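Overview (structure and organization)
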Amino acid sequence: MSFWDHLDELRGTLFRSIVIVFVFSIVLFCFKGFVFDGFVFGPSRSDFIFYRLLGLDFNMSLINIDLSAQFFVHMKISFILGLILGLPFVVYELWKFIAPALYENEKSAVRKSFGSAGLLFYLGNAVGYYLVLPVSLNFFQTYSVSEAVVNTISLNSYISMFTSMVLLMGVVFEFPVLIAVASRLGLITRQTLRKYRRHAICIILILSAIITPSDPFSMIVVAIPLYILFECSVIVCRKGEDEVEEEEPGEAGA
């Protein structure tokens, strides 16, 4: 295929991906009650699973002070959730575009990377929604600099925290995939990760303090899954090294 043929194929891939996300967004836009009352505002009520497991009585009342905010929040959430739900289809479209240019062994590696990245992204979304978000909401709702100041949470403030926590944790959970790719390219080794484990723990605690309110409980709640991700990265890195070591003799013989 010529350059222009590739460009035309890429345009078709991008167009189909946009259509997929647009369709999901439209469907979610039409089911406003289910999306917001059943999902988005779930962590703001005491019947949310996180509060029930810990026996917390937590309720957050939201207000709107901007005339057009509710409409634009509706559109924003519909697009973000449409993008999250449509991600597997977008990844499949990208896979169809790049697959013809890969060798069979490369296809296997890329396919595994795409699959792992997708699963970890959704796992990160779930951790952000069911764990990090309620912890953050509970902290900020109950925190006060003075009894004279009453917390009144705006709709935009809640939605901003909702999207940042859910999406940010999804991105953070991609760390093992990046380590696996770096290991495959020879940029990092299992010994390096083990050598700097203490440094990694410090970085994880700092990152946890940035993601969540800087109280000890919130930091620990977020730091635990991040540390588990680091240990998973060590395991993934080891597997990558073993594969490289197994390939080297064959390549040398060739």
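Treat the numbers as computed from the prediction; the structure is a model and nothing was measured. (Residues numbered from 1 in each chain as written. Predicted model: local features only at pLDDT ≥ 70, side-chain atom pairs only at ≥ 80, totals over all residues. Heavy atoms only, no water.)

**A short note on the pattern of salt bridges**
Applying the stated rule across the entire model yields five salt bridges. We note a salt bridge from Arg11 to Asp8, for which the minimum N-O separation is 2.4 Å. Placement of both Arg11 and Asp8 in helix α1 (residues 3-30) is noted, with a separation of three residues, approximately one turn of the helix. Taking the relative accessible area as the measure of exposure, Asp8 reaches 43% and is therefore partly exposed. Through salt bridges that share partners, Arg16, Glu93 and Lys96 make up one connected network. (Salt bridge = Lys/Arg side-chain N within 4 Å of Asp/Glu carboxyl O. Helix = DSSP H or I, 4+ residues; strand = E, 2+ residues; numbered from the N terminus. Buried < 20%, exposed > 50% of the residue type's maximum accessible area, 1.4 Å probe, protein only.)

**Section: the packing of helix α4 (residues 69-98) against helix α6 (residues 155-172)**
Axis separation between α4 and α6 bottoms out at 11 Å; the angle between their running directions is 10°. The pairing of α4 with α6 is recorded here as roughly parallel in orientation. Touching Ala69, Gln70, Val73, Lys76, Ile77, Ile80 and Ile84 of α4 are Leu155, Asn156, Ile159, Phe162, Thr163 and Leu167, all from α6. Of the residues that constitute the contact of α4 with α6, the class distribution is nine nonpolar, three polar and one charged. (Axes fitted to C-alpha atoms, helices over the stretch in contact; angles between N-to-C directions. Parallel < 35°, antiparallel > 145°, perpendicular 65-115°, else oblique. Contact = heavy atoms within 4.5 Å. Nonpolar A, V, L, I, M, F, W, Y, C, P; charged D, E, K, R; others polar.)

**Quick word on the packing of helix α2 (residues 32-40) against α4**
Running from N to C, α2 and α4 point in directions that differ by 80°, and their axes come no closer than 11 Å. In terms of axis orientation, α2 runs roughly perpendicular to α4. In this structure, α2 contributes Lys32, Val35, Phe36, Phe39 and Val40 to the contact, and α4 contributes Val73, His74, Ile77 and Leu81. Along the lines of polarity and charge, the residues of the contact of α2 with α4 split into seven nonpolar, one polar and one charged.

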